[in-house]
2 protein chains.
Amino acid sequence: MPDTTLPPTLRPGQLLARGVCRHLLTHDFVSVEELVPTSGLRVDVMALGPKGEVWVIECKSSRADFQSDQKWQGYLEWCDRFFWAVDADFPTELLPDETGLILADSYDAEIVRMAPETKLAAARRKVMVQKFARHAAIRWHGARDPGVSLYGP
Amino acid sequence: MPDTTLPPTLRPGQLLARGVCRHLLTHDFVSVEELVPTSGLRVDVMALGPKGEVWVIECKSSRADFQSDQKWQGYLEWCDRFFWAVDADFPTELLPDETGLILADSYDAEIVRMAPETKLAAARRKVMVQKFARHAAIRWHGARDPGVSLYGP
């Protein structure tokens, strides 16, 4: 039964991200949203697998949303696998073949095409897992202790 | 000005942990509470520094709380530095010399004695940073999306 907890402030891409993150958990991948791997780049979802796998998922709510993204190839070097997440109405023929595809709504998602793997070098994986950890911890800190003065991670 | 957001369900040790986590952030260390490094062990606070440093802080609210802890030496192998966190009334002469000391209340804390450093081996650090990341991410996920079905990390 779908829940009814749709915060009205979530944008369409963030609603897809919500479904994506829920689904990734069933693959034992934990995830965060809007992580900044390097200055000027912000990924919609970064997921961390049980063996330290790093996946990036960009959520596109429409053709225009996809076509305005000039940066996506810049994401590839920050992950082992790269996916698009789109809803059922999205014209998936627009998406490049060599990327993964996740069909999502705000409640759940499904991996339709596994992304090819390009393994991160060990040093970069270490940096990314640590960025992921700091991102998640600082946000969880703000949630469990609203009185804390939060700095950027 | 102290805030007034004291959830009534926090135990004395958890109140100390709150102050500890707030203070660690001023050192650019992010932290989580009640992480399980290995089956049968649960640390009160695990903190992750900007260079991947792993600290463990055990919070003791009273002499009895300290004396009933038979496991603390087992924590040493899971961190670079180990600290006790106690309040101003705690008889600190009970605490072993070769450990760090943090004086805490529920609002803030102060590192009174830096813990000696025993660096984790690279493989174990990698495991711990990943455990930290998964712990933080899964809790933050539950906080930002109350509708998610959460599994243990």
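Everything discussed here concerns the structure shown above.
Bear in mind that the values here come from a model prediction, so they are computed numbers and not experimental data. For every chain, the first residue of the written sequence is number 1, and numbering continues from 1 along that sequence. To label them, take the chains in the order written and letter them from A, then take the ligands in the order written and number them from 1. Reporting in this predicted model follows two pLDDT cut-offs: at least 70 for local features of residues, and 80 or more for side-chain atom pairs to be given and counted; totals over whole chains, interfaces and linings ignore these cut-offs and use all residues. Processing note: side-chain calculations cover all non-hydrogen atoms of the structure and skip hydrogens and water entirely.

Caption draft 1: Main features of the relation of the copies chain A and chain B. Superposing copies: least-squares fit, C-alpha atoms only, residues required to have pLDDT of at least 70 in both. The operation relating chain A to chain B is a screw motion whose rotation component is 180°, with 0.0 Å of axial translation and a residual RMSD of 0.0 Å. The relationship between the two copies is best expressed as a two-fold rotation axis. Identified as the residue of chain A closest to the rotation axis by C-alpha distance is Ala133(A), at 2.0 Å. Any pair of residues with heavy atoms lying within 4.5 Å of one another is described as a contacting pair. Here 100% of the interface residues in chain A have copies in chain B that are interface residues too; the copies meet face to matching face.

Caption draft 2: Region of interest: the sheet that holds strand β1 (residues 30-35) of chain B. Strand pairing requires that DSSP identify at least two bridges connecting the strands. Put simply, DSSP H or I for four residues or longer makes a helix, DSSP E for two residues or longer makes a strand, and each gets a number counted from the N terminus. One open sheet holds the 6 strands; their spatial order is β1-β2-β3-β4-β5-β6 (chain B), and the pairing between them is mixed. Strands with a single pairing partner mark the edges of an open sheet, and in this sheet they are β1 and β6 (109-113) of chain B. Direction aside, the axes of adjacent strands within the sheet are offset by 30° on average. Two strands pair when backbone bridges link them, and strand β5 (residues 100-104) of chain B and β6(B) are joined in this way by 4 bridges, in the antiparallel orientation. Across the sheet, residue Leu103(B) finds its bridge partner in β6(B), namely Glu110(B). Those strands touched by helix α3 (residues 122-144) of chain A are β1 and β2 (43-48) of chain B, and its axis lies near 75° from that of β1(B). To obtain an axis, a line is fitted to C-alpha atoms, over the contacting stretch when the element is a helix, and the angle between two such axes runs from 0 to 180 degrees between their N-to-C directions.

Caption draft 3: Up close: the pattern of salt bridges. Here, a salt bridge means any Lys or Arg side-chain nitrogen found within 4 Å of an Asp or Glu carboxyl oxygen. Inspection of every chain in the model, using the stated rule, returns 18 salt bridges over all chains. Residues Arg125(B) and Asp80(B) are paired through a salt bridge, measuring 2.7 Å at the closest nitrogen-oxygen approach. Here Asp80(B) lies in the loop between α2 (63-67) and β4 (81-86) and Arg125(B) lies in helix α3 (residues 122-144), a separation of 45 residues in the sequence. The classification of residues rests on relative accessible area computed with a 1.4 Å probe and restricted to protein chains. Under 20% of the type maximum is buried, over 50% is exposed, and intermediate values are partly exposed. On the basis of relative accessibility, which here comes to 16%, the residue Arg125(B) falls in the buried class. Through salt bridges that share partners, Lys60(A), Asp65(A) and Asp69(A) make up one connected network.

Caption draft 4: Seen up close, unusual backbone geometry. With phi around 60°, Glu34(A) is a residue other than glycine that occupies positive phi space. Structurally, Glu34(A) can be placed in strand β1 (residues 30-35). Non-glycine residue Asp28(B) carries a positive phi angle of around 70°. Secondary-structure assignment places Asp28(B) in the loop between α1 (12-26) and β1.

Caption draft 5: Main features of the packing of aromatic side chains. Residues and elements named next belong to chain A. Two rings belonging to Phe, Tyr or Trp (six-membered ring only in the last case) form a pair when the distance between their centres is within 6.5 Å. Interplanar angles under 30 degrees mark stacking, angles over 60 mark edge-to-face geometry, and anything in between is tilted. This model, assessed by the stated rule, comprises 16 aromatic pairs over all chains. A centroid spacing of 5.0 Å and a plane angle of 90° characterise the contact between Phe-82 and Trp-84, whose relative ring orientation is edge-to-face. Each of the two residues, Phe-82 as well as Trp-84, counts as buried. Taken together, the ring pairs in this structure connect Phe-66, Trp-72, Tyr-75, Phe-82, Trp-84 and Phe-90 into an aromatic cluster. Seen from the ring of Trp-78, Arg-124 lies directly overhead, with NZ or CZ sitting 3.8 Å from the centre. Geometrically, a lysine NZ or arginine CZ counts as sitting over a ring once it is within 6 Å of the ring centre and also within 35 degrees of the ring normal.

Caption draft 6: Layout of α1(B). Residue and element names in this part refer to chain B. With 15 residues, α1 should reach 21 Å at 1.5 Å per residue; the first-to-last C-alpha distance of 22 Å fits that figure. In terms of burial, α1 is largely enclosed, as 12 of its 15 residues are buried. Listed as buried for α1 are Gly-13, Gln-14, Leu-16, Ala-17, Arg-18, Gly-19, Val-20, Cys-21, Arg-22, His-23, Leu-24 and Leu-25. Of the residues flanking the end of α1, it is Asp-28, one or two places downstream, whose phi is positive at about 70°. Each helix should span, by expectation, one fewer than its residue count multiplied by 1.5 Å.

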